[in-house]
Amino acid sequence: MTMTVRDLAHSRAGDKGHNINVSVIAYDSAGYERLLRELSEARVLAAFAPVAHGPVRRYTLPNLLAMNFVIENVRGGSVTATTALDIHGKSLCALMLAIPLYGNEPEV
Amino acid sequence: MKRQRLRIGAGAGFAGDRWEPAVELVERGNIDVIVFECLAERTIARETLARLRGDGPGYSPNLEDRLRAVLPACAAKGIRIVTNMGAAAPLPAAHAACAVAAELDVRDFFCAVLIVDDVRDQLTVRPELTLLESGEPLETILPRMASANAYLGANAVAEAMASGALVVMTGRVADPSLFVGPMLQAFGWSYDDYEKLAQATAAGHLLECAGQVTGGYFADPGVKDVPALAQLGFPFADVTAAGDVTIGKILNAGGRVDIATCSEQLLYEIDDPAAYITPDCVLDMNAISLAEVAPDRIQLSGARATPRTPSYKVSVGYFDGYLGEGQLSYGGPGAVARAHLAGDIVKERLSIRGFSFDDLRIDLIGLDSLHGPGKGRPEPYEVRLRVAGRSESRAAAEAVGWEVAALYTNGPSGGAGDFSSVREILAVQSVLLERDLVPISVKQIEAP
């Protein structure tokens, strides 16, 4: 079975107005290293395309074995005026955790 | 006398939070201060409207009940309360707190209230300011502005704390600053001591959502389990005058405090972790380390900060039309196809009737409402059609739910369980305003 981000890390999502942030926190350093290689901004943007226009910015926090993804321009507008059911985008941590990991090289 | 150590508890992470964890903290937590954070981004705009329209006090509707639950124990033990439940009406809220104290026969009670007026007047004459979210000039929303409130900092909270009042009542204050203020005052730190402000702000950020750092919003059964979520304990921070910070929870309270829960909360609602801007400082999380020093005790170290910015962030509430919504469920064979057909019918009906929308969204709850369309998902047994439209026109917004309900007798087979709603949208964006333009004062109110 294909591995997913959920096998290596946990996540929480929050809103930042027109953007959302989704953290990815690895359970151990091996997992962190692998996520650093595979979970690129492009990979995350592709997964989030149904809900956001992007771009995506990735920040790394090695001390915490964590990354923070800021996904810009959520579809449907900001939290306070959106038509979305999940107005804050808080459920989107699960979309991050569902991203498949294929190995060392990103899937072409 | 300056203190060497302070234990600050979080009594609420949002306006609708549970009551018991705060009671537990004041009764068994051995805490010095309890902070109730009850103001979401839009709450203050709503409370402003309530006050203007005369259908609410303008402060948190739960204020009296929350205070009643903890005030006797706080008074007996000298535990001080800091809260932003004052919302759009801090002064009336302070009088309400005094009334509760009188009702409970709390002696020698007084409340310090942080008074800062709505800054709409300052914004009206500055239409050129840039909206941080949309990048457009403020003037695009000025005619529809409902409220404008600056996020105040820890220095204002500390000033109110210095009065010695049992309760410090505020309106809009940056969430972490509600926690930093009591530390600033208790330890006598300089407001330019950025090493201390960094650690204090990181602690405040970890505490501001209360249960979200003790295992709330964390559980994923079988992957990361949390004990006793129905009796989740709320967190406290042990802070020293030197700026040491340890997060913990009461022994035997539900939940868990560990590196994983603290890491999730540390990055919650963060943009660039190297530049988390509060009114007090610009926090850099890059060198932060978390260490488990005892069961359910996490020490935070390494927070750094650069000097605060010259401006306050001001949250501007404005009217942005209406949101109309309708829902109807379909189940069994062909449920998804029937729900799709139903959505198409509603869309066509709204068009035939001549309504236009800034955004008209059709979701199938159970299939694509949260994460949008995706490949390879199994078809669910039942789905719930949800149509939501945003429009300048109230009639258009009302028509959404109407047309969904009309599917009962005019739409596909087997629709059930309709729901509809219409609400006025109070949107929020932000601008930056020079600090000098926001006058702040502290007033003391005594029980009647």
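Not measured: the values here are computed from a predicted model. (Residues numbered from 1 in each chain as written. Chains lettered and ligands numbered in written order. Predicted model: local features only at pLDDT ≥ 70, side-chain atom pairs only at ≥ 80, totals over all residues.)

Draft legend 1. Inspection of the overall build of chain B at higher detail. The number of helices and strands found in chain B is 12 helices and 18 strands. Within the span of chain B, comprising 448 residues, buried residues form 53% of the whole. Summarising the internal contacts of chain B: among those between residues at least 6 apart in sequence, 76% fall at separations of at least 24. (Helix = DSSP H or I, 4+ residues; strand = E, 2+ residues; numbered from the N terminus. Buried ≥ 20, exposed ≤ 12 C-beta atoms within 10 Å, placed from the backbone. Contact = placed C-beta atoms within 7 Å.)

Draft legend 2. Structural view of the overall build of chain A. When its secondary structure is counted, chain A shows 4 helices and 7 strands. Across chain A, helices and strands are ordered from the amino to the carboxyl terminus as β-α-β-β-β-α-α-β-β-α-β. Rg of the C-alpha trace for chain A: 13 Å, near the compact-globule value of 13 Å for 108 residues, within the 12% margin. Taking the principal axes of its C-alpha atoms as reference, chain A extends roughly 40 × 30 × 20 Å. For chain A, the proportion of contacts with a sequence separation of at least 24, taken over those separated by at least 6, is 59%. (Rg over C-alpha atoms; globule rule 2.2 N^0.38 Å.)

Draft legend 3. Molecular detail of unusual backbone geometry. Cis geometry is adopted by the peptide bond preceding P55 of chain A, which originates at G54 of chain A and carries an omega value of 5°. Tracing the backbone shows P55 of chain A in the loop between helix 3 (41–48) and strand 5 (56–61). Phi at D105 of chain B takes a positive value of approximately 60°, unusual for a residue other than glycine. A tally of 10 C-beta atoms within 10 Å means that D105 of chain B is categorised as exposed.

Draft legend 4. Expanded view of the interface of chain A and chain B. At the interface, 32 residues of chain A touch 42 residues of chain B. At the level of elements, strand 3 (13–16), strand 4 (19–26), strand 5, strand 6 (66–71) and helix 4 (92–97) of chain A are the ones that each hand at least two residues to the side of chain A that touches chain B. For the side of chain A that touches chain B, the class distribution of residues is 13 nonpolar, 14 polar and 5 charged. (Nonpolar A, V, L, I, M, F, W, Y, C, P; charged D, E, K, R; others polar.)

Draft legend 5. Broad picture of the sheet that holds strand 10 (residues 281–284) of chain B. Residues and elements named next belong to chain B. One open sheet accounts for 3 strands, arranged 9-10-13; its pairing is antiparallel. Every interior strand has two partners, whereas the edge strands, strand 9 (276–277) and strand 13 (304–307), have only one. Pairing of strand 9 with strand 10 involves 2 bridges; the strand directions are antiparallel. Within strand 10, the position partnered with Y276 by the bridge is L283. (Pairing = 2+ DSSP bridges.)

Draft legend 6. Examining the environment of V239 of chain B more closely. Residues and elements named next belong to chain B. Among the secondary structure elements, V239 is positioned in strand 7 (residues 236–240). Accessibility expressed as a C-beta count within 10 Å gives 30 for V239, which makes it buried. Sequence separation between V239 and F187 is 52 residues, and the spatial gap between their C-alpha atoms is 9.7 Å. If we skip the residues at most four places from it in the chain, V239 touches L6, I8, M183, A200, A203, D244 and V245.

Draft legend 7. Quick peek at the domain arrangement of chain B. Residue and element names in this part refer to chain B. Here the domain parsing of chain B yields domain 1 (5–118 + 145–315 + 431–446) and domain 2 (316–429). Between domain 1 and domain 2, the C-alpha centre-to-centre distance is 38 Å. Opposite the 13 residues of domain 1 that make contact, domain 2 presents 6 residues. For the side of domain 1 that touches domain 2, the elements supplying multiple residues, two or more each, are helix 2 (43–53), strand 5 (145–150) and strand 14 (311–331). Of the residues assigned to the side of domain 1 that touches domain 2, the class counts are 7 nonpolar, 3 polar and 3 charged. (Domains from an automatic or database assignment.)

Draft legend 8. Examining the packing of helix 3 (residues 63–77) of chain B against helix 4 (residues 90–103) of chain B more closely. Residue and element names in this part refer to chain B. Packing of helix 3 against helix 4 brings their axes to within 10 Å, and their N-to-C directions diverge by 40°. Our classification of the angle between helix 3 and helix 4 gives oblique. Helix-helix and strand crossings are classified by hand; for helix 3 and helix 4 the assignment is right-handed. The residues of helix 4 that touch helix 3, namely those facing L63, E64, L67, R68 and L71, are A93, A96, A97, V100 and A101. Of the residues belonging to the contact of helix 3 with helix 4, the class tally is 8 nonpolar, no polar and 2 charged. (Axes fitted to C-alpha atoms, helices over the stretch in contact; angles between N-to-C directions. Parallel < 35°, antiparallel > 145°, perpendicular 65-115°, else oblique. Left-handed = near helix turned anticlockwise from the far one by under 90°.)

Draft legend 9. View of the packing of helix 7 (residues 175–187) of chain B against helix 8 (residues 194–207) of chain B. All names here are of chain B. Put simply, helix 7 and helix 8 touch, their axes get as near as 7 Å, and they point 130° apart. In terms of orientation, helix 7 and helix 8 fall into the oblique class. Of the two possible hands of crossing, helix 7 and helix 8 adopt the one that is right-handed. Taking contact as the criterion, the partners of D175, P176, S177, L178, F179, V180 and M183 in helix 7 are, on helix 8, L197, A200, T201, A203, G204, H205 and L207.

Draft legend 10. Seen up close, the sheet that holds strand 2 (residues 33–36) of chain B. Residues and elements named next belong to chain B. Within the open sheet, the 10 strands sit side by side as 11-12-8-7-1-2-3-6-4-18. Their pairing is mixed. Bordering the open sheet on either side are strand 11 (289–294) and strand 18 (440–446), each of which pairs with just one other strand. If you compare each strand with its neighbour and ignore which way they point, the axes differ by 25° on average. Looking at chain direction, strand 7 and strand 8 (residues 245–248) are connected through 4 bridges and run antiparallel. Among the inter-strand pairings, D238 is bridged to a residue of strand 8, identified as T246.

Draft legend 11. Quick peek at the environment of G16 of chain B. Residues and elements named next belong to chain B. Mapped onto the elements, G16 comes out in the loop between strand 1 (5–12) and helix 1 (20–28). On the basis of neighbour counts, which here come to 9 C-beta atoms within 10 Å, the residue G16 falls in the exposed class. Between the C-alpha atoms of G16 and L426, which are 410 residues apart in sequence, the distance is 19 Å.

Draft legend 12. The arrangement of helix 9 (residues 259–266) of chain B in detail. The buried fraction of helix 9 of chain B amounts to 6 of the 8 residues, a majority that puts the element mostly inside the structure. Of the residues making up helix 9 of chain B, those classed as buried are T261, C262, S263, E264, Q265 and L266 of chain B.

Draft legend 13. View of the nonpolar core. Residues V24 of chain A together with I34, A97, C111, V157, V168 and A203 of chain B are the most contacted members of the largest nonpolar core, which totals 175 residues. Taken together, domain 1 (5–118 + 145–315 + 431–446) and domain 2 (316–429) of chain B each give at least three residues to this core, which thus spans both. Those residues in contact with A97 of chain B that lie beyond four places of it in its chain are L67, C111, V167 and M169 of chain B. (Core = buried A, V, L, I, M, F, W, Y, C linked by C-beta atoms within 7 Å.)

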